[in-house]
Amino acid sequence: MASRDALAQAPDEPPGAGAAAPQPPVVIPPRIKVDPGVKYPDRALQERFFEEVTVVLILEIDASGAVRKATVEAAQGHGFDEAAVAAAEKLVFEPARRNDTNVPARIKFRYVFVPPPPRLKGRVERQTAGSPIASATVTVRTADGAEHTTQTAADGSWTLENVPSGPTHIAVVARGHEPQSADEELTPGEETDVVLRLSPQKAPEEARAAIEGEPPIQEIVVRGERPPREVTKRTLRKEEIALIPGTNGDALRSLQNLPGIARPPPFGGQLIVRGSAPQDTTIYVDGTPVPIVYHFGGLSSVVPTEALDQIHFYPSNYSSVYGRGMGGMVDVGIRDPKKDGQIHGMAQLDLIDARLLVEGTIPKTGVTFMVAGRRSWFDAWLGPALTAFGAGVTTAPRYYDYQVMLQKDFGGRASLRLLFFGSDDGLEIFNENPNAGATSFTGVGTHTSFWRLQARYQHKVTDSTELKVTAAVGQDSVDFGFGTLGFDTTELPISGRAEVSQKVVRSVRANVGIDVIYSPYDLHLRFPRPRPPGVPAGGPEAGLLETTQSGERFFGGLYTEWEIMPWRGMRIVPGLRLDYTSSTQSWDFSPRLNLRQELTSGFPRTALKAGAGIFHQPPGALETDPVFGQEGLKSNRSVHYDVGFEQELGRRVELSVNAFHKQLDRLVSEGAGNVGQGSVYGAEWLLRYKSDERFFGWIAYTLSRSERRPEPSEPSALYQYDQTHVLTAIASYNFGRGYRLGARFRLVSGNLYTPTTRGAYDATSGNVQAATASPPNGARLPPFHQLDVRFDKTWTFSAWKLSAYVDIQNIYNHQNPEGVTYNYDYTKSSYVSGLPILPSLGLRGEL
């Protein structure tokens, strides 16, 4: 949208004759006769630039009234200059006149570009049949309280123009149907398409009976997302990933289905990203670091799916906003409570755990809230089941987590949120019939917990300046015991993060921030001396080591990052990060650069991307411990390289390909300091069908190799977490009437292990002396493959809905080898199989 105006008119005047007392000439300025108009430039919309802009032109108009030349007085960028010149060249004027004679003229001319308003449209349909509903009333309420109303046409469609940008609430009412609503953020120049399906209105006597039908669906499509700062950023939304088979409805477990993530160790809940160790990948909840992302065994995540907004996963080359890690990064976003003024709830029970969530608005305060909790209960039936089968080992595992949130919005430009969340895991294994004649264990116990109290303040100070501040305090505890051996640690982390985002000029935005952690700690450890890599368990103890330490660690980070858009479709993001670590008493400097070029402005979208950066990871607390570790260490370092492209193959089909390389050095090596080296290289493919109302799915494949060299004089060897091939295929289809069926197939290279070929057993002491015949990780287990299936059925009632599901892992009961076990003298070996077929049944109710 634009307007134009002539600022000043000055027809050219040739020198006058030298007549005495000349009469002043009669001058008539040029007047517009033909004006085709001008629109807000596409480039500005693609670059997410929504501001009023004035372009002043110098127009040279000939004696016929045609524009011969248009010159921009002061460049504005973002395509405004080009749009103004192109529009001005099509103008036709009534020529300037001097004393009834047409003359050339040179004038200033102004175009004022105003961002186009959002376009909001949609369709209202019957839930079961999908047929349109005519004459339904659609009411859109904007942030300022204004309401815009329209009615649907015969085909169920509706459109509203000139609705202000910002948060909106969309409500639909139709005779004979239950009302439906949706919330959406409208952006200038973008079209938002909302499809709402209404269920039939029940008579009083029918309200007590279940009416079978598919669940209410809200499909919101927003075009024109802001490009990411990183080369490879994969964003998952809960509406899709909660239905992935094999995850038991847990959204965070779905991360294991993306390219770049290897299959975790058996019965483990770790993230192995692009050949790095699990501790190399950092985990955040809305910018606050947390120690774990999964409960024990990887059965469930520490944040339930129902509380999630989205998950940002960066396999490498992530923004300078984040530091202290040299692997990948995961930032879990907790959603805001619902703001429609009603109370909502959810309850779910399956064979693994039970969960509950309540949210809504506190009356007369404008404060929204959300309270959620989850507790496992399979400890109630697993122990008795083992006893019934005569097992000598009884197990009592359990976990729970909790989330409490309060949020207050201030005029649509600022918000304050308080979030208290945490997790607690416990596992005890006792051997009730130990063998007194040989080495045996009497029991293992472990307890892991953490909690955080987080405050987040966001404020859009002006249209060009944004502020975000996050602070948190918490506690991390780990207690592990194995007979007389074990350790326990407690940390009290206090963290803070603040970032200011400022638009410097029209094509440059600067992000500047600070990121600090102060963490007092206590630890106590009692363990045998560490074994060299590849040496198996067994043999006489080489002595026990014990340490008790109390201290504090401090991490301080400063960063800046610039988003530069020098020309159409190009995005350059240089970043710098400076980190201080108290345990090393040194600073780490980490420059990073990411590039992205959109080759096309419309469909099909094609984008090239590349990046490089340096990442530092401070040594762990044990590595700097004076008893178990070593002094004088520096941070581990990794240099990331990444190049790839994205290509739309259809409106919902996209192919993403990435090649990556990570060069590792200054790795901490046992007793030798920062002399370790390594490298990881490979490629990833993701072919994805974006979710529609019926189907979603993707095929992900990673080809990689991860190597390590403990000392420069030693040869490189495969790292213990290397998985050469990782293939995952996922598909889920909605058949209508509440029925959905999905499947996941995985084919992965087997885990590495170190074979042992001989050993000696001492019957007197009960000890085994073992020797290895190959280098560490010199053999690989057979490939892992598994098919998981999930079936969902949903019933919709007048005020709530009920869902039932069965999630079956390893449906064809493949005995996947997960390890190797040996006889007493290591002359015979056999595979240890992973989980057999594992069904899970569940019920879920939502209000």
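About the thresholds
Along every chain, residues carry numbers that run from 1 in the direction the sequence is written. In view of the model being predicted, local features appear only for residues whose pLDDT reaches at least 70, and side-chain atom pairs are presented and counted only at 80 or more, with totals across whole chains, interfaces and linings using the full set of residues. Side-chain figures throughout are based on the complete set of non-hydrogen atoms in the structure, without hydrogens or water. Helical segments are the DSSP runs of H or I of at least four residues, strand segments are the runs of E of at least two, and each set is numbered from the N terminus. Three labels apply to residues, based on accessible area from a 1.4 Å probe with only protein chains included: buried if under 20% of the type maximum, exposed if over 50%, partly exposed otherwise in between. Throughout, a residue-residue contact means that at least one pair of heavy atoms, one from each residue, lies within 4.5 Å. The Shrake-Rupley method, run with a 1.4 Å probe, gives the accessible areas here. Residue values count only the displayed protein chains as cover. Identification of polar contacts relies on pairs of N or O atoms within 3.5 Å, with a donor-acceptor requirement for protein atoms, meaning one able to donate a hydrogen and the other able to accept it, and with residues adjacent in sequence counted only if both atoms are side-chain atoms. Salt bridge, as applied in this entry: a Lys or Arg side-chain nitrogen positioned within 4 Å of an Asp or Glu carboxyl oxygen. Here the nonpolar core consists of buried residues drawn from Ala, Val, Leu, Ile, Met, Phe, Trp, Tyr and Cys, with membership extended through side-chain atoms lying within 4.5 Å. Should DSSP find at least two bridges between two strands, the strands are regarded as paired. Pairs were defined over the aromatic rings of Phe, Tyr and Trp, the Trp ring being its six-membered one, requiring ring centres within 6.5 Å. Orientation was assigned from the angle between planes: stacked under 30 degrees, edge-to-face over 60, tilted for the rest. In this analysis an axis means a line fitted to C-alpha atoms, helices contributing only their contacting stretch, and an angle means the value between N-to-C directions, from 0 to 180 degrees. Patch members must show over 30% relative accessible area and no salt bridge, and they are joined within 9 Å when carrying like charges or within 5 Å when they are nonpolar side chains of Val, Leu, Ile, Met, Phe, Trp or Tyr. Within a predicted model, pLDDT stands for the predictor's per-residue confidence, ranging from 0 to 100.

1. Observations concerning the overall build of the protein chain
Okay, step 1: Regarding its fold elements, the protein chain presents 4 helices and 55 strands.
Okay, step 2: Burial status across the protein chain gives 46% buried among its 847 residues.
Okay, step 3: Contacts spanning at least 24 positions in sequence make up 64% of the contacts within the protein chain whose residues lie at least 6 apart.
Okay, step 4: Accessible surface for the protein chain amounts to roughly 38600 Å². Of this, 58% is attributable to carbon and sulfur atoms.

2. Here we look at the environment of glutamine 454
Okay, step 1: Positionally, glutamine 454 belongs in strand β31 (residues 443-460).
Okay, step 2: Counting along the chain gives 167 residues from glutamine 454 to glycine 287, while the straight-line C-alpha distance between them is 9.8 Å.
Okay, step 3: When residues no more than four places from it in sequence are discounted, the contact partners of glutamine 454 are Val285, Asp286, Thr288, Arg417, Leu418, Leu419, Thr470, Ala471 and Ala472.
Okay, step 4: Looking at glutamine 454, its side chain comes within polar contact range of the side chain of threonine 288, at 2.8 Å.

3. A closer look at the pattern of salt bridges
Note that side chains of opposite charge can pair when their charged atoms are close.
Okay, step 1: Tallied over the full model, the rule gives 44 salt bridges.
Okay, step 2: For arginine 398, the salt bridge is made with aspartate 424, and the minimal N-O distance between the two is 2.9 Å. Here arginine 398, found in strand β29 (residues 398-410), pairs with aspartate 424, found in strand β30 (residues 414-431); they are 26 residues apart in sequence, far enough to count as distant. Each member of the pair, arginine 398 as well as aspartate 424, is classed as buried.

4. Let's talk about the nonpolar core
Okay, step 1: Core analysis: the largest hydrophobic core is formed by 35 residues, its most contacted members being Leu252, Leu255, Leu271, Leu308, Val330 and Ile334.
Okay, step 2: Counting residues in hydrophobic clusters, the runner-up holds 23 residues, among them Tyr40, Leu59, Ala84 and Phe93.

5. What to know about the sheet that holds strand β7 (residues 96-98)
Okay, step 1: Here 3 strands make up an open sheet; going across it, the order is β2-β7-β8 and the pairing antiparallel. Looking at the sheet topology across the chains shown, the edges are occupied by β2 (27-28) and β8 (101-103).
Okay, step 2: Across 2 bridges, the pairing between β2 and β7 is antiparallel. From the neighbouring strand, valine 27 faces β7, where its bridge partner is arginine 98.

6. Describing the side chain of aspartate 579
Okay, step 1: Position of aspartate 579 among the secondary structure elements: in strand β37 (residues 570-581).
Okay, step 2: There is a polar contact of 2.7 Å between the side chain of aspartate 579 and the side chain of arginine 577.
Okay, step 3: Excluding anything up to four places from it in sequence, aspartate 579 contacts Arg324, Gly556, Gly557, Ser586, Trp587 and Asp588.

7. Here's the deal with the packing of aromatic side chains
Okay, step 1: Evaluated as defined, the whole model comprises 20 aromatic pairs.
Okay, step 2: Between tyrosine 40 and phenylalanine 80, the aromatic rings sit 5.2 Å apart at their centres with planes inclined by 85°, giving edge-to-face as the arrangement. Taken together, the positions of tyrosine 40 in the loop between β3 (31-34) and α1 (42-46) and phenylalanine 80 in helix α2 (residues 80-88) put the pair 40 residues apart, joining distant regions of the chain. Side by side, tyrosine 40 and phenylalanine 80 carry an identical accessibility label, which is buried.
Okay, step 3: A centroid spacing of 4.7 Å and a plane angle of 15° characterise the contact between phenylalanine 797 and tryptophan 800, whose relative ring orientation is stacked.
Okay, step 4: On the basis of relative accessible area, phenylalanine 797 is assigned to the buried category, the value being 13%.
Okay, step 5: Accessibility expressed as a relative area gives 38% for tryptophan 800, which makes it partly exposed.

8. Examining the sheet that holds strand β11 (residues 137-142)
Okay, step 1: In space, the 4 strands of this open sheet follow the order β12-β11-β14-β15, with antiparallel pairing throughout. Single-partner strands in this sheet number two, and they are β12 (147-151) and β15 (180-186). Geometrically, the sheet is characterised by an average inter-axis angle of 20° between neighbouring strands, direction not taken into account.

9. A word on the side chain of threonine 581
Okay, step 1: Positionally, threonine 581 belongs in strand β37.
Okay, step 2: Given a relative accessible area of 2%, threonine 581 falls into the buried group.
Okay, step 3: Residue contacts for threonine 581: discarding those within four places in its chain leaves Phe554, Phe555, Ser586, Asp588, Pro618 and Ser635.

10. Remarks on a nonpolar patch on the surface
Okay, step 1: Nonpolar side chains collect at one region of the surface, where Val371, Val404, Phe420, Leu453, Val473, Ile494, Tyr518 and Phe554 lie side by side and expose about 590 Å² of accessible area between them.
Okay, step 2: With respect to the helices and strands, the residue tyrosine 518 is situated in strand β35 (residues 508-528).

11. Points about α2
Okay, step 1: Burial analysis of α2 places 7 of its 9 residues in the buried class, the great majority of the element.
Okay, step 2: For α2, the set of buried residues is Phe80, Asp81, Ala83, Ala84, Val85, Ala87 and Ala88.
Okay, step 3: Where α2 is buried, its residues meet α1, β4 (53-61), β5 (67-72) and β9 (105-113).

12. Concerning the pairing of strand β43 (residues 695-709)
Okay, step 1: In this sheet, β43 lies alongside strand β42 (residues 673-689) in antiparallel orientation, the contact comprising 13 bridges. Within β43, the residue paired with glutamate 684 across the bridge is threonine 702.
Okay, step 2: Between β42 and β43, which pair antiparallel and follow one another directly, the connecting turn spans 5 residues.
Okay, step 3: For β43 and strand β45 (residues 725-736), the ladder comprises 9 bridges, and the chain directions are antiparallel. The residue bridging phenylalanine 695 from the neighbouring strand is tyrosine 733, located in β45.
Okay, step 4: Bridge count between β43 and strand β44 (residues 717-718): 2 bridges; the pairing is antiparallel. What sits directly across from arginine 708, in β44, is alanine 717.

13. Describing the confidence of the model for the protein chain
Okay, step 1: In this model, the protein chain carries an average pLDDT of 82, and 84% of its residues clear a pLDDT of 70 or more.
Okay, step 2: Note on residues 13-19: pLDDT is under 50 here. Beyond four places in sequence and across chains, it has 4 contacts.
Okay, step 3: Predicted confidence for residues 203-229 stays below pLDDT 50, and this span has 86 contacts to residues more than four positions away or in other chains.

14. Some remarks on the pairing of β12
Okay, step 1: Relative to β12, β11 is paired through 5 bridges, and the arrangement is antiparallel. Pairing of valine 138 across the sheet is with threonine 150, part of β12.

15. Remarks on the environment of glycine 738
Okay, step 1: Mapping glycine 738 onto the fold places it in the loop between β45 and β46 (739-748).
Okay, step 2: Residues glycine 738 and serine 803, spaced 65 residues apart in sequence, show a C-alpha to C-alpha distance of 8.6 Å.

16. Thoughts on unusual backbone geometry
Trans is the prevailing form of peptide bonds, just as negative phi is the prevailing case for residues other than glycine.
Okay, step 1: With phi around 60°, histidine 78 is a residue other than glycine that occupies positive phi space.
Okay, step 2: By relative accessible area, which is 1% here, histidine 78 ends up buried.
Okay, step 3: Unlike most non-glycine residues, aspartate 100 shows phi in positive territory, near 65°.
Okay, step 4: With respect to the helices and strands, aspartate 100 occurs in the loop between β7 and β8.

17. Side note on the environment of tyrosine 753
Okay, step 1: Position of tyrosine 753 among the secondary structure elements: in strand β47 (residues 752-753).
Okay, step 2: With a relative accessible area of 22%, tyrosine 753 lands in the partly exposed category.
Okay, step 3: The sequence separation of tyrosine 753 and asparagine 777 amounts to 24 residues, and the corresponding C-alpha distance is 4.6 Å.
Okay, step 4: In contact with tyrosine 753, other than residues within four places in its own chain, are Asn777, Gly778, Ala779, Arg780, Leu781, Val820 and Tyr822.

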